[in-house]
Amino acid sequence: MKELVSYIAASLVDDQDAVQVNEVDQGDVRVFELRVAKDDLGKVIGKQGRTARAIRTLLAISATRNGCKARLEIME
Amino acid sequence: MSEKIKYSGKDVTEAISMACSALNVSQDQLAIDVLSPGSAGLFGLGRKKAMIAVSIKGSARTATEPAETTEHKRPRKEGGRRRQPSQSSPRAPRRAASSESSHEPATITNVDLDWIKNHLVKILAMVGFPVEVTITSNDNKIKAHITGAAMEEVVGSEGQTLDSLQYLMRKIISRRIQGRVMFSLDAGDYRDRRRQDLEEQADTLAAEVRESGRTKSIPALNPAERRIVHMRLQDDTSIRSRSVGEGHFKKILIYVPGRKKR
């Protein structure tokens, strides 16, 4: 799942080396903290958060298939 | 600044782009004063044109600035409005640039297709779907079709997952391929089925509206789905369809022309 987030993020941004995903377990929820270069923030969030929402949709399905819950947080 | 020229358009952005093309300069070379921000009005009533006055920045720049500030000593309202050109300034050039590059239909090579397919398969595998993808292109249209097990999950409820994936893929593709690309993604027979459902729903509602004269609506459709409904009903002169609402998911009203809604 971590791989999924970083793969999608990396294919959307200019500075791929700056893409970083941290996994933090909070109880039964796995939180994925996504960090990208400052200039790329807009690219992973998108208009009205549309890109972020799309990534979250895919992450949620991946989580269901893994039998867990996941959350994506985009860190500034 | 002595040569301030006035332009008008339906909104400030349009007025600015008219000024830019008339003077043949880019927007950041212009000093722009918004005289009236204009208003789209309500249902076409009270529509006001936006007025701006522009001068070309440059050697006269020092002369322009003070003049601008004196001119805008008006109440804060005006100050707030003035932000509009700077707000729309990154938008306008970007639109100009994108219309240059994206108006040209892109040429798509087999290498591109393989690259796209690879991305798609990889993402789907990471989500947890071992699926097959076939990909074809026709001019600048690319169609990718997912087949395999668990198609219902790939589609998601109301096609949400499929549309998310399609959206992300469009973003990814536009970063690689210059120009206009039409990318559509299908899984199983979802798109066909959805089209049939929507057309049936449109027909049923249209019949009801014709019968009762009362307006009916279909809520929350995305642009492609709204298009299907409008296309289905466009040849029927006894009723009309219209999209209302804001944002990505508007609803469609089907009504008898000449009546107020509801």
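Here the structure is a predicted model, which means the values were calculated and not measured.

A few words now on the interface of chain A and chain B. The partner chain B presents 19 residues to the 18 residues of chain A that form the contact. D14(A) is paired through a salt bridge with R175(B); the nearest N and O atoms lie 2.8 Å apart. Applying the counting criterion to the chain A and chain B interface returns 7 residue pairs in polar contact (both at pLDDT 80 or more). Elements with a contribution of two residues or more to the side of chain A that touches chain B: helix 1 (2–12) and helix 3 (50–65) of chain A. Its residues assigned to classes, the side of chain A that touches chain B comprises 9 nonpolar, 4 polar and 5 charged.

Moving on, we come to helix 9 (residues 223–233) of chain B. Residue and element names in this part refer to chain B. For helix 9, the full list of buried residues reads E225, R226, I228, V229 and L233. Buried residues of helix 9, viewed axially, fall in a sector of 155 degrees; they line one side. Exposed side of helix 9, more than 90 degrees from the buried face: A224 and R227 are the residues found there. Looking at the buried positions of helix 9, the neighbouring elements they touch are helix 8 (190–212), strand 7 (216–221), strand 8 (240–244) and strand 9 (250–255). The N-cap residue of helix 9 is N222: its side-chain oxygen and the backbone nitrogen of A224 are 3.1 Å apart.

Membership of the largest hydrophobic core comes to 54 residues, with the highest contact counts inside it found for L34(A), I123(B), L124(B) and I146(B). For I123(B), the contacting residues outside a window of four places in its chain are L4(A), Y7(A), I8(A), L58(A), L165(B), M169(B) and I172(B). Of all hydrophobic cores here, the second largest spans 14 residues; its members include L198(B), A202(B), L221(B) and I252(B).

Quick look at the environment of I218(B) now. Examined against the element boundaries, I218(B) turns out to sit in strand 7. Look past the residues within four positions of I218(B) in its chain and what remains in contact with it is Q201(B), L205(B), V229(B), K251(B), I252(B) and I254(B).

Residues and elements named next belong to chain A. Read across the sheet, 3 strands follow the order 1-2-3 without closing on themselves; strand pairing throughout is mixed. Of all the strands in the sheet, just strand 1 (20–26) and strand 3 (69–75) have a single pairing partner and so form its edges. Adjacent strand axes in the sheet meet at a mean angle of 25 degrees when their direction is disregarded. Pairing analysis gives 7 bridges linking strand 1 to strand 2 (residues 29–35), with the strands arranged antiparallel. Among the inter-strand pairings, Q26 is bridged to a residue of strand 2, identified as V29. Packed on one face of the sheet, helix 1 meets strand 1, strand 2 and strand 3 and runs near 150 degrees to strand 1. Contacting strand 2 and strand 3, helix 3 runs over the sheet at an angle of about 150 degrees to strand 3.

This paragraph deals with the pattern of salt bridges. Here the structure, examined in full by the defined rule, presents 16 salt bridges over all chains. In this structure, R195(B) engages E199(B) in a salt bridge whose closest nitrogen and oxygen atoms are separated by 3.2 Å. Taken together, the positions of R195(B) and E199(B), both in helix 8 and 4 residues apart, correspond to about one turn of that helix. Overall, R195(B) belongs to the partly exposed group, its relative accessible area being 36%. Classification of E199(B) as buried rests on a relative accessible area of 17%. Via salt bridges that share partners, D14(A), D40(A), K43(A) and R175(B) belong to a single interconnected network.

A few words now on the confidence of the model for chain B. The share of residues in chain B with pLDDT of 70 or more is 77%, and the mean pLDDT across the chain is 77. Low pLDDT, under 50, characterises residues 59–100 of chain B; the stretch is placed with 37 contacts to residues that sit more than four places away or in other chains.

What follows is about the pairing of strand 5 (residues 141–148) of chain B. Residues and elements named next belong to chain B. Pairing of strand 4 (residues 131–138) with strand 5 involves 8 bridges; the strand directions are antiparallel. Pairing of V133 across the sheet is with I146, part of strand 5. In textbook terms, the turn of a hairpin is the stretch between consecutive antiparallel strands, and for strand 4 and strand 5 this stretch comprises 2 residues, one of which, D139, has a positive phi near 50 degrees. Inspection of the sheet shows strand 5 paired to strand 6 (residues 182–187) by 6 bridges, in the parallel sense.

Our next topic: the environment of H119(B). Tracing the backbone through its elements, the reader meets H119(B) in helix 5 (residues 110–127). C-alpha of H119(B) to C-alpha of M169(B): the two residues are 50 residues apart in sequence and 8.3 Å apart in space. Not counting chain neighbours up to four residues away, the residues in contact with H119(B) comprise Y7(A), S11(A), M169(B) and I172(B).

Calculation rules
- Residues numbered from 1 in each chain as written.
- Chains lettered and ligands numbered in written order.
- Predicted model: local features only at pLDDT ≥ 70, side-chain atom pairs only at ≥ 80, totals over all residues.
- Heavy atoms only, no water.
- Contact = heavy atoms within 4.5 Å.
- Salt bridge = Lys/Arg side-chain N within 4 Å of Asp/Glu carboxyl O.
- Polar contact = N/O pair within 3.5 Å; in protein donor to acceptor, adjacent residues only side chain to side chain.
- Helix = DSSP H or I, 4+ residues; strand = E, 2+ residues; numbered from the N terminus.
- Nonpolar A, V, L, I, M, F, W, Y, C, P; charged D, E, K, R; others polar.
- Buried < 20%, exposed > 50% of the residue type's maximum accessible area, 1.4 Å probe, protein only.
- Arc of directions from axis to C-beta.
- Core = buried A, V, L, I, M, F, W, Y, C linked by side-chain atoms within 4.5 Å.
- Pairing = 2+ DSSP bridges.
- Axes fitted to C-alpha atoms, helices over the stretch in contact; angles between N-to-C directions.
- pLDDT = per-residue confidence, 0-100.

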